[in-house]
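In case you want the letters, here they are:
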Amino acid sequence: MREILKAAAALSLSGSLTVLALLLARRIPGTSRRWQYYIWLIAVFRLVLPLSPENSPVGALFREEAPALPEAVFVSPGSPPFAAGNPAAPASPEIPVAGTEAESLRMPDMAEALALLWLGGALVLLVRKATAYRSFQRYVRAGCREVDAPALLDRLARAGEELGVRRPVELYENPLMASPMLLGLVRPGIVLPSAALSEEDFRYTALHELTHYRRRDLLYKWLVQLTVCLHWWNPLVWGMAREIDRACELACDEAVLRVLEPEERRAYGDTLLRALESGGGYHAAPGAVSLGENAELLKERLGAIMNFRKPAGRTVLLSLLLAAALITGAAAAGTYTGPGRGTELEATASNKHLRAALLAKEYYEEGNIAGFSVAVSFLSPEEQAAWLEQCYEDQEISFFNTVLSLTRELEAEIVNDILERVYEEGAAAFFSVLVNSLDWEEARLDEWIARAAKENTALLSILLKAADRDGELDALEEELTARQMEEYRAAGIVWEDGDYYYQGKLVRIFMDLRSDASCVNLNVNPQGELDVRTERDADGRIQTVREMTRAEAEELFGDMDGPEEGPAGVNVTVPVERKKLKGGAYWMLGEYALSEGDWIEYDVTAESGERMSIGFCDMEHSPEDVAYYSVSTNRTDGALRCAADFRVDGRTVEPGIYRLFLHAPEGDLGKVSGAVRLSLRQGGFPDLDAEANPYLMTVEELPAAARKAMEQCEIRTWYVIHSEGRQYLYCNGFPWRYGWYPLWKNGEWQVKIRQLRKQDSGYVLLCFPNNGPLSVYVEGKAVRLTDI
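Residues numbered from 1 in each chain as written. Predicted model: local features only at pLDDT ≥ 70, side-chain atom pairs only at ≥ 80, totals over all residues. Heavy atoms only, no water.

**Student:** Would you explain the overall build of the protein chain in this entry?
**Tutor:** Scanning the protein chain from N- to C-terminus turns up 23 helices and 28 strands. Per-residue burial for the protein chain yields a buried fraction of 43% across its 788 residues. Once local pairs closer than 6 in sequence are excluded, the contacts in the protein chain between residues at least 24 apart make up 70%. Carbon and sulfur atoms make up 54% of the accessible area of the protein chain, which totals about 42,100 Å². (Helix = DSSP H or I, 4+ residues; strand = E, 2+ residues; numbered from the N terminus. Buried < 20%, exposed > 50% of the residue type's maximum accessible area, 1.4 Å probe, protein only. Contact = heavy atoms within 4.5 Å. Areas by Shrake-Rupley, 256 points an atom, 1.4 Å probe, with all protein chains shown as cover.)

Next comes the structure, spelled out in structure tokens:
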């Protein structure tokens with residue numbers, strides 16, 4: 001108990017120092033509201049995490065020095081006793097006073113009592129806060145009415161899309177609420193005092209509360225409440241909690257203002273004023289976030305709104321430097337972690353090293369490059385050098401490149417030997433990786449170029465390219481091309497006007513391979529008649545020339561003849577057109593039944609943005625977790641384009657329903673255009689043009705007339721809305737993630753819907769051509785439809 005009490009006191013002292021530093025730092029002008037909000041996490045983590053350097057000021061303050069042991073005095077048998085006044089005689093030990101002895105006996109009891117008082121107070125306060133929040137939540141939900149008006153839900157969905165919120169948030173109305181608020185950790189919902197808001201007020205309110213949800217402010221607030229419970233006796237912690245509540249609303253306002261136009265900011269402030277004036281008497285409990293606050297904070301928020309400016313680059317840099325300084329200071333202050341931890345830390349480091357070595361071997365054998373790169377980073381330079389040799393021995397160039405990226409700073413000690421070996425053995429692919437990965441000095445690069453010009457012209461081009469000697473490189477490539485054509489001619493391969501001929505026939509696939517399986521040359525002409533493969537020895541000379549079998553070519557390149565549409569198949573073109581896709585957002589492009597033999601082709605470009613991904617995910621996982629046939633492309637030569645094609649093999653990806661997605665992993669994408677083409681063997685769609693095929697859609701994509709018709713639709717009722725030559729299957733309040741499978745049979749559409757995973761709320765909206773009636777089956781049971 002004594003150690004626990006000392007650890008708690010040390011955490012509180014270290015955290016208090018951090019709180020004081022942050023109170024001073026927040027007054028530095030120029031920092032953003034978001035920075036002022038999240039910077040408090042440094043103090044929160046300092047207060048709850050008992051992590052510390054081995055030697056820290058706070059740790060040293062609480063760590064007791066071990067008492068010095070008196071030297072033993074050996075008295076041999078028969079030696080004379082020390083006489084009084086003998087200078088060699090040791091001083092007589094002092095006899096402890098009775099009061100001192102009693103105090104020493106009572107100290108452990110005192111420490112235990114204080115520790116129990118601290119833990120008891122923390123537990124009582126935590127139970128009280130959790131009970132109060134739960135009671136408040138029950139009171140609010142008891143008087144709530146679920147808002148199911150399609151128009152309001154549509155506006156809420158549009159606000160969510162504007163902020164990149166993918167999960168649906170429930171919407172309620174309770175006239176007793178003092179102001180709009182976000183409530184609930186597990187099932188979050190927005191509660192409005194009244195749903196009868198103007199379109200402008202509703203949008204600003206939704207943006208504000210959804211911003212709280214997107215930033216996980218409820219979780220942040222409960223982390224702060226837990227910290228307050230643990231340090232209930234520290235007034236600085238209570239003050240920190242108040243500052244975080246204040247910073248939360250200011251940061252939320254700033255985040256909303258970033259997505260609003262300048263002329264909309266005053267209207268947003270007016271919405272805050274109206275939120276304070278309206279509503280009942282239920283005010284937010286600790287752990288909830290609301291739009292309205294007290295008048296003093298509201299005045300500060302309105303002033304911040306009117307003076308809002310996007311931070312300049314200089315301000316952002318200052319904020320980052322200041323945050324780094326505060327984190328370093330909080331870590332350096334440290335805390336008390338108990339006596340004698342040096343050996344334990346050394347043992348932990350040893351265990352981590354051993355585990356990293358075992359994992360590196362396991363991931364290497366499994367072919368897991370991502371896991372291998374993490375594990376190898378924890379190994380010593382000698383072990384990394386051994387892995388570099390191993391990867392080269394096994395001709396695993398991807399793993400070789402991974403290890404090399406971790407050892408660049410050790411070039412002189414590790415890489416030189418492997419570089420010399422790769423050069424001597426003429427492994428062009430590995431040599432190229434080495435040359436392009438290392439930071440070459442100009443003089444050293446010139447030495448290698450002079451050497452390669454005498455000994456190995458095949459590797460010379462790699463060095464000239466690294467040195468940006470374009471003129472010499474062009475001349476060398478012309479010389480090498482002439483030699484290569486002469487070598488091909490001697491092997492019976494003729495090059496003419498960009499095409500290759502073998503035995504008098506036009507070659508479709510021509511692949512020239514080195515001994516390390518890297519390509520010297522690869523040429524594809526879809527009009528060719530046969531596929532040819534050459535193989536070279538370790539010295540780079542052509543050893544064999546042979547014709548590849550059709551199965552061998554398909555294994556390497558897929559079906560070069562393209563998809564074959566079966567009698568029951570259909571070609572689907574999914575148009576991809578969007579002005580802007582926010583960074584980090586996923587754009588779902590529909591759900592499709594994939595089966596063995598289906599053909600997938602991507603061809604999508606973006607005018608602005610640095611990276612784009614496209615692929616499929618199943619109905620059980622999000623695309624962040626599991627993706628299939630995924631392609632991720634960086635901007636290259638000024639263009640950002642995802643172009644690829646795949647054949648569904650039916651083994652790696654089992655037949656089933658999958659969602660097509662487009663992702664912006666690094667920053668916004670602008671003016672996205674192109675198409676995804678699918679050749680589906682199953683489904684039996686009628687012979688219609690691509691735009692007439694059934695597809696999944698959102699409420700925002702509906703024509704105005706169909707959206708107006710939705711206003712008369714009741715919740716959890718299935719409707720077929722006929723509008724402008726199309727028919728729309730619609731059910732609001734369908735609380736499932738689902739898979740759907742349409743089938744054209746006997747002159748009607750049959751739609752099979754499978755419930756996959758329960759969710760808080762949702763809707764079904766599918767579009768069909770108006771060329772036949774609809775029949776809907778949910779989990780095999782027919783559904784009654786109402787026509788509008």
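**Student:** Help me understand the pairing of strand β7 (residues 499-502), please; the structure alone is not making it clear to me.
**Tutor:** Judged by which residues are buried, β7 turns out to be one-sided: Tyr500 and Tyr502 face inward and are buried, whereas Asp499 and Tyr501, on the alternate face, are not. Sheet analysis places strand β6 (residues 493-496) next to β7, joined by 4 bridges and oriented antiparallel. By the bridge assignment, valine 494 is partnered in β7 with tyrosine 501. Between β6 and β7, which pair antiparallel in sequence order, lie 2 residues; one of them, aspartate 497, sits at a positive phi of approximately 55°. Relative to strand β8 (residues 505-513), β7 runs antiparallel, the two being bridged by 2 bridges. When the bridges of β8 are listed, tyrosine 501 appears paired with leucine 506. Counted along the chain from β7 to the antiparallel partner β8, the turn is 2 residues long, and its residue glutamine 503 has a positive phi close to 55°. (Pairing = 2+ DSSP bridges.)

**Student:** Sorry if this is basic, but what is going on with the sheet that holds strand β25 (residues 763-769) here?
**Tutor:** Backbone hydrogen bonds hold the strands of a sheet together, and the pairing may be parallel or antiparallel. Taken in spatial order, the 5 strands of this open sheet run β20-β25-β22-β21-β28, and their pairing is mixed. Bordering the open sheet on either side are β20 (695-696) and β28 (786-787), each of which pairs with just one other strand. With 5 bridges connecting them, strand β21 (residues 719-723) and strand β22 (residues 726-732) associate as antiparallel partners. Within the sheet, the bridge partner assigned to valine 720 lies in β22 and is leucine 729.

**Student:** Help me understand the packing of aromatic side chains in this model?
**Tutor:** Pairs of aromatic rings are described using the distance from one ring centre to the other and the angle between the two planes. A full pass over the atoms with the stated rule returns 21 aromatic pairs. On the numbers, 5.2 Å between centres and 85° between planes, the contact of phenylalanine 372 with tryptophan 387 is edge-to-face. Of the two residues, phenylalanine 372 is situated in helix α14 (residues 369-376) and tryptophan 387 in helix α15 (residues 381-393); the sequence distance between them amounts to 15 residues. Residue class for phenylalanine 372 comes out buried when judged on its relative accessible area of 0%. Here the aromatic rings of tyrosine 488 and tyrosine 500 are separated by 6.0 Å at their centres, their planes lie at 80°, and the arrangement is edge-to-face. You can see tyrosine 488 sitting in helix α21 (residues 470-490) and its partner tyrosine 500 sitting in strand β7, a full 12 residues away along the chain. Exposure class is identical for tyrosine 488 and tyrosine 500. Each is buried. Three or more aromatic residues joined by ring pairs make a cluster, and in this case those are Tyr364, Phe372, Trp387 and Phe399. (Phe/Tyr/Trp six-rings, centres within 6.5 Å; stacked < 30°, edge-to-face > 60°.)

**Student:** Looking at this structure, I do not really get the confidence of the model for the protein chain. What am I missing?
**Tutor:** Segments scoring low in pLDDT should not have their predicted coordinates read at a detailed level. Across the protein chain, pLDDT averages 76, with 79% of residues at or above 70. Per-residue pLDDT stays below 50 along residues 683-691; that stretch engages in 23 contacts with residues further than four places along the chain or on separate chains. (pLDDT = per-residue confidence, 0-100.)

**Student:** Looking at this model, I keep getting lost on the sheet that holds strand β18 (residues 656-663). Mind explaining?
**Tutor:** The 4 strands are arranged β13-β18-β15-β16 in an open sheet whose pairing can be described as antiparallel. The open sheet has two edge strands with one neighbour each: β13 (586-594) and β16 (628-634). Across the sheet, the mean angle from the axis of one strand to that of its neighbour is 15°, orientation sign disregarded. Relative to β18, strand β15 (residues 611-618) runs antiparallel, the two being bridged by 6 bridges. Looking across to β18, one finds that serine 613 is bridged to histidine 663. (Axes fitted to C-alpha atoms, helices over the stretch in contact; angles between N-to-C directions.)

**Student:** I would appreciate a short explanation of the nonpolar core in the present structure.
**Tutor:** Nonpolar side chains in soluble globular proteins generally cluster together in the buried interior. In terms of nonpolar packing, the biggest core is built from 39 residues, with Phe372, Phe400, Ile418, Val422, Phe431, Leu434 and Leu463 touching the most fellow members. In terms of residues, this core owes the most to one element, helix α18 (residues 428-437), which gives 6 residues. Apart from the residues lying within four places of it in its own chain, the contact partners of leucine 463 are Phe431, Val435, Leu445, Trp448, Ile449 and Ala452. Core analysis: the next-biggest nonpolar cluster, separate from the first, contains 31 residues, Trp587, Ile614, Leu640 and Tyr658 among them. (Core = buried A, V, L, I, M, F, W, Y, C linked by side-chain atoms within 4.5 Å.)

**Student:** Help me understand the packing of helix α6 (residues 150-163) against helix α7 (residues 199-214), please; the structure alone is not making it clear to me.
**Tutor:** Helix-helix packing is described using two parameters, namely the angle between the two axes and the distance between the axes. Where α6 contacts α7, the axes come no closer than 9 Å and their chain directions differ by 50°. Classified by the angle between their axes, α6 and α7 sit oblique to one another. With respect to the hand of their crossing, α6 and α7 are arranged in right-handed fashion. Contacts from Leu152, Arg155, Leu156, Arg158, Ala159, Gly160, Glu162 and Leu163 in α6 reach Glu199, Phe202, Arg203, Ala206, Leu207, Leu210, Thr211 and Arg214 in α7. In terms of residue class, the contact of α6 with α7 is built from 8 nonpolar, 2 polar and 6 charged. (Parallel < 35°, antiparallel > 145°, perpendicular 65-115°, else oblique. Left-handed = near helix turned anticlockwise from the far one by under 90°. Nonpolar A, V, L, I, M, F, W, Y, C, P; charged D, E, K, R; others polar.)

**Student:** What is the right way to look at the side chain of glutamate 748 in this model?
**Tutor:** By the secondary structure assignment, glutamate 748 is in strand β24 (residues 748-758). A distance of 3.4 Å separates a polar atom in the side chain of glutamate 748 from a polar atom in the side chain of glutamine 750. Within the structure, the side chain of glutamate 748 is placed 3.4 Å from the side chain of serine 775, a separation counted as a polar contact. In this structure, glutamate 748 is in contact with Leu743, Pro773 and Ser775, ignoring residues within four places of it in sequence. (Polar contact = N/O pair within 3.5 Å; in protein donor to acceptor, adjacent residues only side chain to side chain.)

**Student:** Honestly, the side chain of threonine 633 in this entry has me stumped. Any pointers?
**Tutor:** As for its placement among the helices and strands, threonine 633 is situated in strand β16. Within the local environment of threonine 633, its side chain forms a polar contact with the backbone oxygen of arginine 641, the two atoms lying 3.4 Å apart. The residues touching threonine 633, leaving out its near neighbours within four places in the chain, are Glu610, Arg611, Met612, Leu640, Arg641 and Cys642.

**Student:** I tried to follow the packing of helix α3 (residues 40-48) against helix α8 (residues 217-230) on my own but got confused; where do I start?
**Tutor:** Direction vectors running N to C along α3 and α8 enclose 45°, while the axes themselves pass 10 Å from each other. Relative to α8, the element α3 is oriented oblique. Between α3 and α8 lies a crossing of left-handed hand. Contacts from Trp40, Leu41, Val44, Phe45, Leu47 and Val48 in α3 reach Tyr220, Leu223, Val224, Thr227 and Leu230 in α8. A class-by-class count of the residues in the contact of α3 with α8 yields 10 nonpolar, 1 polar and no charged.

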